Amino acid sequence: MDSTFRRTPKIHLQDLIDGLIGGNRAFLSKAITLVESKRQDDKVQSAELVDKIISTAGKSLRIGITGVPGVGKSTFIEAFGIQLTKLGKKVAVLSIDPSSNRTKGSILGDKTRMDQLSRDPNAFIRPSASGSSLGGVASNTREAILLCEAAGFDIIIIETVGVGQSETIVKDMVDYFLLLMLAGGGDELQGIKRGIMEMADHILINKADKENINAAKRSREDYKNAVHLFPPNEANWTVPVDLCSSLENEGILDAWKKIEMYQQQVVENGWFMKNRSKQSLKWFHERIQTRLESNFYSQPKIHEEIKKRELLISEQQISVRKAVDELFNF
Ligand code: GDP
């Protein structure tokens with residue numbers, strides 16, 4: 001993968017860190033590119049970088065936003081982000097897109113989708129990371145969150161498409177998970193699985209404007225009834241179902257107020273820190289698994305040895321257990 005970090009002359013790591021901590025967006029971009037790089041020498045540097053900034057990270061509120069394509073995620077994030085910068089916040093927008101391997105950042109590749117926000121000096125928008133696996137992309141995004149925090153961003157928004165693959169991954173890296181929905185049509189129609197609705201800390205029905213308003217109000221009641229039946233969440237939070245119009249900037253500030261209420265509640269009841277530490281530990285164990293797997297498959301001749309045993313297994317000449325034992329001992 002080509003990277004801007006390599007195209008520009010190499011920067012001394014300490015200069016990169018100083019620039020990043022000073023809140024310089026160009027340095028933040030370079031730092032994210034470095035952690036996404038697959039080159040061995042970059043990996044050594046990025047490990048050092050993340051380790052050096054870790055004590056300054058963690059102080060933001062991390063908000064995940066999902067919803068089917070077309071629901072209005074980028075319109076919402078633009079309106080929401082502008083509202084937040086007006087309140088004096090620094091806002092970073094990152095994204096996870098399972099299709100980005102193929103299309104190179106199909107969600108946010110086009111920054112003009114958040115034209116106004118991208119020109120705001122207190123906002124930072126980063127196109128979707130690419131990677132060979134969703135797990136790898138997720139790990140890069142987690143490190144990008146830490147870098148944004150070290151650069152002084154107060155609110156980190158992680159956008160994902162609501163197609164069922166990346167929501168769990170995003171849920172595991174944010175403090176608050178916001179689901180955007182459309183009025184009318186059951187959730188089946190909207191392609192949103194019940195499991196995703198159950199993960200949400202907030203359901204916001206977007207496009208509640210013009211001739212859509214009554215349908216949106218009816219949907220709000222339906223979703224309220226549905227949410228009522230879900231098991232209580234660990235945060236002890238009653239999931240709100242609200243209306244908004246990202247296009248007309250209605251309900252955006254109210255959504256933020258609910259998020260602040262949530263934050264206050266979970267900081268007080270201890271869930272905020274408990275959840276953060278659960279998430280970090282889960283990430284830690286995931287990285288161990290990934291490392292073990294890549295160490296195993298990168299052994300010389302391992303693929304040859306696997307192939308040989310595949311044949312023996314399909315001809316029932318060896319048990320699966322024996323074949324695996326042999327692979328771990330050859
Ligand atoms: P995304 O694919 O979820 O990021 O959706 P977009 O933000 O690109 O929005 C898809 C379309 O819906 C665009 O044409 C938007 O202008 C429109 N849209 C977004 N939010 C609203 C809204 O609140 N009201 C109305 N009427 N249209 C909206």
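We now turn to the structure provided with this report. (Residues numbered from 1 in each chain as written. Predicted model: local features only at pLDDT ≥ 70, side-chain atom pairs only at ≥ 80, totals over all residues. Heavy atoms only, no water.)

**Some remarks on the pairing of strand S1 (residues 61–66)**
Right, so step 1: Within S1, 6 of the 6 residues are buried, which leaves the element mostly enclosed by the surrounding structure.
Right, so step 2: Of the two faces of S1, the one carrying Leu61, Ile63 and Ile65 and the one carrying Arg62, Gly64 and Thr66 are both buried.
Right, so step 3: Where S1 and strand S4 (residues 155–160) come together, 5 bridges link them in parallel fashion. The residue bridging isoleucine 65 from the neighbouring strand is glutamate 159, located in S4. (Buried < 20%, exposed > 50% of the residue type's maximum accessible area, 1.4 Å probe, protein only. Helix = DSSP H or I, 4+ residues; strand = E, 2+ residues; numbered from the N terminus. Pairing = 2+ DSSP bridges.)

**Regarding the site of the ligand**
Right, so step 1: Near the ligand lie 16 residues; those nearest to it are Gly70, Lys73, Thr75, Arg113 and Asp209.
Right, so step 2: The contact in question runs from an oxygen atom of the ligand to an N or O atom on the side chain of threonine 75, over 2.5 Å.
Right, so step 3: Across the complex, the protein chains shield 71% of the 580 Å² of accessible surface that the ligand would expose by itself. (Near = heavy atom within 4 Å. Polar contact = N/O pair within 3.5 Å; in protein donor to acceptor, adjacent residues only side chain to side chain. Areas by Shrake-Rupley, 256 points an atom, 1.4 Å probe, with all protein chains shown as cover.)

**Describing the packing of aromatic side chains**
Right, so step 1: What the rule picks out here adds up to 7 aromatic pairs.
Right, so step 2: Considering the side-chain rings of phenylalanine 80 and tryptophan 256, the 6.3 Å spacing of their centres and the 65° angle between planes classify their relative orientation as edge-to-face. One end of the pair, phenylalanine 80, is in helix H5 (residues 73–86); the other, tryptophan 256, is in helix H12 (residues 252–269), and 176 residues separate them in sequence.
Right, so step 3: With a relative accessible area of 3%, tryptophan 256 lands in the buried category.
Right, so step 4: By way of ring pairs, the aromatic residues Phe76, Phe80 and Trp256 are connected into one cluster.
Right, so step 5: Geometry around phenylalanine 153 places lysine 90 over its ring, the cationic atom sitting 4.6 Å from the centre. (Phe/Tyr/Trp six-rings, centres within 6.5 Å; stacked < 30°, edge-to-face > 60°. Lys NZ or Arg CZ within 6 Å of the ring centre and 35° of its normal.)

**So, the layout of surface pockets**
Right, so step 1: Volume-wise, the largest pocket comes out at about 1,500 Å³.
Right, so step 2: Elements that contribute at least two residues to the lining of the largest pocket include exactly helix H3 (25–36), helix H4 (40–53), helix H8 (134–150) and helix H13 (271–297).
Right, so step 3: If you tally residues by element for the lining of the largest pocket, the top one is H13, at 13 residues.
Right, so step 4: Taken together, the residues of the lining of the largest pocket break down into 16 nonpolar, 17 polar and 12 charged. (1 Å grid on protein atoms, 1.4 Å probe; cavity = no way out; pocket = protein on both sides within 12 Å on 5 of 7 lines; lining within 4 Å. Points joined across faces, edges and corners; volume = space filled by probe spheres on them. Nonpolar A, V, L, I, M, F, W, Y, C, P; charged D, E, K, R; others polar.)

**Observations concerning the sheet that holds S1**
Right, so step 1: Reading across from one edge, S3-S2-S4-S1-S5-S6-S7 is the order of the 7 strands in this open sheet, with parallel pairing throughout. Each edge of the open sheet is held by one strand with a lone partner, namely strand S3 (123–125) and strand S7 (241–243). Put simply, the sheet's adjacent strands are angled 25° from each other on average, direction ignored.
Right, so step 2: Packing against the sheet, H5 makes contact with S1, strand S2 (91–96), S4, strand S5 (176–181) and strand S6 (202–205), and its axis sits at approximately 175° to S4. (Axes fitted to C-alpha atoms, helices over the stretch in contact; angles between N-to-C directions. Contact = heavy atoms within 4.5 Å.)

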